[in-house]
Amino acid sequence: MDIRFSGFGGQGIIKSGTLIGKAASLYDDKFATMTQNFGPEARGGACSAQLVISEKPVLYPYIVRPEILVSMSQEAYEKFLDDLVPNGILLIDSDLVKPHNIRKDVNMYSISSTRIAEEMGNRIFANVVMVGFFTAITNIVEPDAVKKALPGSVPERFIDKNIEAFNKGYQYGIDILEKTKTKQKKKKEKTEA
Amino acid sequence: MKADPMGVATGSHYLDGDHACAEGAIAGGCRFMAGYPITPSTEVAERIAERFPKIGGMFIQMEDELASMAAVSGAVWAGAKSMTVTSGPGFSLMMENIGLAVMMEVPCVVVNVQRGGPSTGLPTLTAQADMMQARWGSHGDYEIIALSPNSPQECFDLTITAFNLSEKWRVPVLFMMDECVGHMTEKVIIPNADEIEVTPRKYYKGKKESYRPYRFNGSNSVAPMVKAGDGYFIHITGLTHDERGYPVINAEAQEKNVKHLVNKILKNEEKIRIIEEDQVDGADVVVISYGISSRVAMNAVEAARKKGLKVGTLRLVTVWPFPESRIRELAKSVKAFVVPEINMGQISLEVERCAQGNAKTILVPHAGGWVHDPTDILNAIEESIV
């Protein structure tokens, strides 16, 4: 599974990739290789982390066409959208990305991760809200594995806050999946009727 | 000897190659590092700088790379296992003092996280174009040991090996990473200290007046060392010297001194050698690679095997000294060698030389900035057999 996390520097994009990769490889018995796109820019520039998760050791470390794209900035969304494979999964922060040229061949899910984090007191948790959302929607790593990956990856005094952020994103994702299921069910019933 | 448990971060980690290299150095007994930050190697220095104060090590950020390499040699003679870390431009600046360390037979490790060149080139992107500089970068005749890891786990494991080899042969060991491996994050398992084998420095224990800092006796061994402050009066120099370390400026002394530097590595090449072979028996073509290219090449090799081609692989974990005798032997049984490397042709020329016309050598070059497209390697494999 080829995944790209994207946004701008300072949002914790690389950390998102690290958390999922660490969860998959240390606590979920998979192989996970993460690489980062380093540019000369620091904070503010487009930034992305590439993660390959596999049942077998990963040979080729980079990603050409991701199956999942996470975008937390407009610039990153526009830069990387075309690379997403048909039927791929697109996750966006709905306050930061206005999805024009919507691709009909991909499954898009959105969450106000930055706003949810701000409501918790600090937008710095937005990436972990997104990680929770990612975990629920994609079902690639176990939620417990991601929670186990938090210690050592975030400052110890903020672990509880990070777990809270993760849970909010995760629950939001589960609710969306439920709603989609219900909608599909109703649609099906309607057509059958 | 087993590793000092104080420095060993036992457990499962999710680390990039740079950080894993730093942990490997600590586990391998390194307690002094001098360096000057340069992308993409800075994370090694950062982690060492953070970890050393807690375990009794010393990190100094020097004014430049010349001073860094000089400080490393000084620290070794003061008794510390020492390392420096850099990338291409800094590696160039270190060359003179790497030569000095070779001449003074200083066991130390120099890490080069390779990026695209020449000059400042591609600071943040990968290359494997310093392989010949590792071999010949400093002036004069000498032999060196160079290792090339292909994963963060190996950045940990092989940094320990690099320290062990440097102590065994009293030689600078060049740890030739590439940006891709340095900035790649994967699972790294750090074992218990009592499972990590560490080669201690051999110190002299005899009479003070009979100590010789060098031994030029057929090159199967090197002389034990002493520490500054232990009361020995010794002379260490970059000039051609005798076993006492005193300068002797004539052809006879040069013959003894240089032959020793060369032969202690070349005559023991098979003892130093670390290579990984897979399915080379009966193979029509063998892919020879190192560093990140060895992983990318496996993609192509698996595809070629699915097509029914008989493809073997040989991975150079130690790139220098070069496994000449093994390549020569293989050349007699295979039709071709395919050599993918992220440069315009360096190790492929060594392969070609060793093949002695018995097998074709096909280079798959890449100028740097990215890894190979596995299709290019697959095409070369297919063409090589036609």
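Attention here is on the structure that accompanies the text. Counting restarts for each chain, with residues numbered from 1 along the sequence as it is written. Whichever chain is written first becomes A and whichever ligand is written first becomes 1, with later ones labelled in order. Given that this is a predicted model, residues contribute local features only at a pLDDT of at least 70 and side-chain atom pairs are listed and counted only at 80 or more, while totals for whole chains, interfaces and linings are drawn from all residues. Here the side-chain values reflect all heavy atoms present in the structure, with hydrogen atoms and water set aside.

1. Structural notes on the interface of chain A and chain B
Selection rule: Note on contacts: a residue pair qualifies if any of its non-hydrogen atoms lie within 4.5 Å across the two residues. Salt bridge, as used here, is a side-chain nitrogen of Lys or Arg placed within 4 Å of a carboxyl oxygen of Asp or Glu. Distance and chemistry together define a polar contact, namely a pair of N or O atoms within 3.5 Å, with one atom able to donate a hydrogen and the other to accept it when in protein, and with adjacent residues in sequence counting only for side-chain atoms on both sides. Per the convention used, a helix needs a DSSP run of H or I reaching at least four residues, while a strand needs a run of E reaching at least two, with both numbered from the N terminus.
At the junction of the two partners, chain A supplies 18 residues and chain B supplies 22 residues. Viewed at the interface, chain B and chain A are joined by zero salt bridges. Between the two partners, chain A and chain B, sit five residue pairs in polar contact (both at pLDDT 80 or more). Those elements that provide at least two residues to the side of chain A that touches chain B are α1 (13-27) and β2 (31-37) of chain A.

2. Observations concerning the sheet that holds strand β11 (residues 285-289) of chain B
All names here are of chain B. The condition that has to hold: We treat two strands as partners when DSSP finds at least two bridges between them. Angles shown run from 0 to 180 degrees and are taken between the N-to-C directions of axes, each axis being a line fitted to C-alpha atoms and, for helices, limited to the stretch in contact.
Taken together, the five strands give an open sheet; going across it, the order is β10-β12-β11-β14-β15, and neighbouring strands pair in mixed fashion. Edge positions in the sheet fall to β10 (275-278) and β15 (360-365), since each has one partner strand and no second. Taking each pair of neighbouring strands and ignoring which way they run, the sheet shows an average axis angle of 20°. With six bridges joining them, strand β14 (residues 336-341) and β15 adopt parallel strand pairing.

3. Here we look at the side chain of Glu350 of chain B
Note on placement: Glu350 of chain B falls in helix α12 (residues 347-355). Once residues lying within four places of it in the same chain are set aside, the contact partners of Glu350 of chain B are Met132, Trp320 and Phe322 of chain B.

4. Focus: the packing of aromatic side chains
Applicable threshold: Planes of paired rings set the category: under 30 degrees apart is stacked, over 60 is edge-to-face and the rest tilted, where pairs are Phe, Tyr or Trp rings (Trp by its six-membered ring) whose centres lie within 6.5 Å. When a residue's accessible area, from a 1.4 Å probe over protein chains only, is under 20% of the maximum for its type it is buried; when over 50% it is exposed; and in between it is partly exposed. Definition used: whenever NZ (Lys) or CZ (Arg) falls within 6 Å of the ring centre and also within 35 degrees of the ring normal, the charge is taken to sit over that ring.
Tallying each qualifying case throughout the model produces eleven aromatic pairs over all chains. Between Tyr204 of chain B and Tyr232 of chain B, the aromatic rings sit 6.0 Å apart at their centres with planes inclined by 75°, giving edge-to-face as the arrangement. Separated by 28 residues along the polypeptide, Tyr204 of chain B in the loop between β9 (185-190) and α8 (251-266) and Tyr232 of chain B in the loop between β9 and α8 bring together distant segments of the chain. Both residues of the pair, Tyr204 of chain B and Tyr232 of chain B, belong to the buried class. Ring centres 6.2 Å apart and planes at 25° place the aromatic pair Tyr214 of chain B and Phe216 of chain B in the stacked group. Through pairs of rings, three or more aromatic residues link up here, namely Tyr60 and Tyr62 of chain A together with Trp370 of chain B. A cation over an aromatic ring shows up here: Lys227 of chain B above the ring of Tyr203 of chain B, its NZ or CZ 4.6 Å from the ring centre.

5. Brief notes about the pairing of strand β3 (residues 58-61) of chain B
All names here are of chain B. Rules: The path from the first strand over the helix to the second decides the hand: if it runs clockwise while the strands point away from the viewer, the crossover is right-handed.
Pairing geometry for strand β2 (residues 30-35) and β3, over four bridges, is parallel. Along β3, the bridge assignment pairs Ala34 with Ile60. Following the backbone out of β2, through helix α2 (residues 42-55) and into the adjacent parallel β3, one traces a crossover that is right-handed.

6. Remarks on unusual backbone geometry
Excluding glycine, most residues fall at negative phi; most peptide bonds, likewise, are trans. Residues and elements named next belong to chain B. In this structure, the amide linkage connecting Gly117 to the following residue, Pro118, adopts the cis form with an omega of 5°. Along the chain, Pro118 falls in the loop between β5 (108-116) and β6 (122-126). Each neighbour pair has its own omega, and for Trp320 with Pro321 the value is -5°, a cis peptide bond. A positive phi angle, near 50°, is found at Gln356, a position not held by glycine. Residue placement: Gln356 occurs in the loop between α12 and β15.

7. Brief notes about the packing of α1 of chain A against helix α4 (residues 126-138) of chain A
All names here are of chain A. Inclusion rule: Oblique is the label for any angle not under 35 degrees, not over 145, and not in the 65 to 115 range, which are roughly parallel, roughly antiparallel and roughly perpendicular in turn. The hand of a helix crossing depends on one turn: near helix anticlockwise from the far one by less than a right angle means left-handed, and clockwise means right-handed.
It is at 9 Å that the axes of α1 and α4 come closest, and there the two elements cross at 40°. The angle between α1 and α4 places the two elements in the oblique class. α1 and α4 meet at a crossing whose hand is right-handed. From α1, Lys15, Ser16, Leu19 and Ile20 reach across to α4, where they touch Asn127, Val128, Val131, Phe134 and Thr135.

8. Thoughts on the pairing of β2 of chain A
All names here are of chain A. For β2, the buried fraction is high: five of the seven residues fall into the buried class. Sheet analysis places β2 next to strand β3 (residues 46-54), joined by seven bridges and oriented antiparallel. Counterpart to Thr35 in the pairing with β3 is Gln50.

None of the figures reported here should be taken as evidence of function without further support.
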